[in-house]
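Next come the chains, spelled out residue by residue.
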Amino acid sequence: MPPDDRLTLIAVIVESLKNRTTTQTDRSEAIQRMRGLLKTDQPAPTDEEVAAMLEERREANAGQ
């Protein structure tokens, strides 16, 4: 491969790695913001409550 083509390839690889790092940072920030939106003062539901919610959802979806 000619030197100019190799340099172009290296530049493309470096640029793709820069974009990936930015994307991961953006994703991490978005996850932190979402966690903040999901916070509540209420306690987490118990396993029994979750099971009941899932059953209600299944019944509602079965009727559609």
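Source: prediction; values computed, not measured. (Residues numbered from 1 in each chain as written. Predicted model: local features only at pLDDT ≥ 70, side-chain atom pairs only at ≥ 80, totals over all residues. Heavy atoms only, no water.)

Draft legend 1. The overall build of the protein, seen in detail. Per the secondary structure count, the protein includes two helices and zero strands. Taken over C-alpha atoms, the radius of gyration comes to 24 Å for the protein, far larger than the 11 Å a tight globule of 64 residues would show. In terms of overall dimensions, the protein has a C-alpha envelope of 65 × 35 × 20 Å along the principal axes. Here the protein holds 64 residues, and 0% of them are scored as buried. In the structure as shown, the protein presents an accessible area of about 6,300 Å², 57% of it carried by carbon and sulfur atoms. Positive and negative side-chain charges of the protein, numbering 9 and 12 respectively, have mean locations separated by a distance of 9 Å. (Helix = DSSP H or I, 4+ residues; strand = E, 2+ residues; numbered from the N terminus. Rg over C-alpha atoms; globule rule 2.2 N^0.38 Å. Buried < 20%, exposed > 50% of the residue type's maximum accessible area, 1.4 Å probe, protein only. Areas by Shrake-Rupley, 256 points an atom, 1.4 Å probe, with all protein chains shown as cover. Lys, Arg positive; Asp, Glu negative; His and termini not counted. Charge placed at Lys NZ, Arg CZ, Asp CG, Glu CD.)

Draft legend 2. Here's a closer look at the pattern of salt bridges. Overall, the coordinates contain one salt bridge when judged by the stated rule. Close ionic contact of E55 with R58 constitutes a salt bridge, the shortest N to O distance being 3.5 Å. Of this pair, E55 and R58 both sit in helix 2 (residues 47-62), three residues apart, roughly one helical turn. The class for E55 is partly exposed, based on a relative accessible area of 37%. (Salt bridge = Lys/Arg side-chain N within 4 Å of Asp/Glu carboxyl O.)

Draft legend 3. A look at the environment of D26. Position of D26 relative to the elements: it lies in helix 1 (residues 3-38). C-alpha separation for the pair D26 and V50, spaced 24 residues apart in sequence, amounts to 32 Å.

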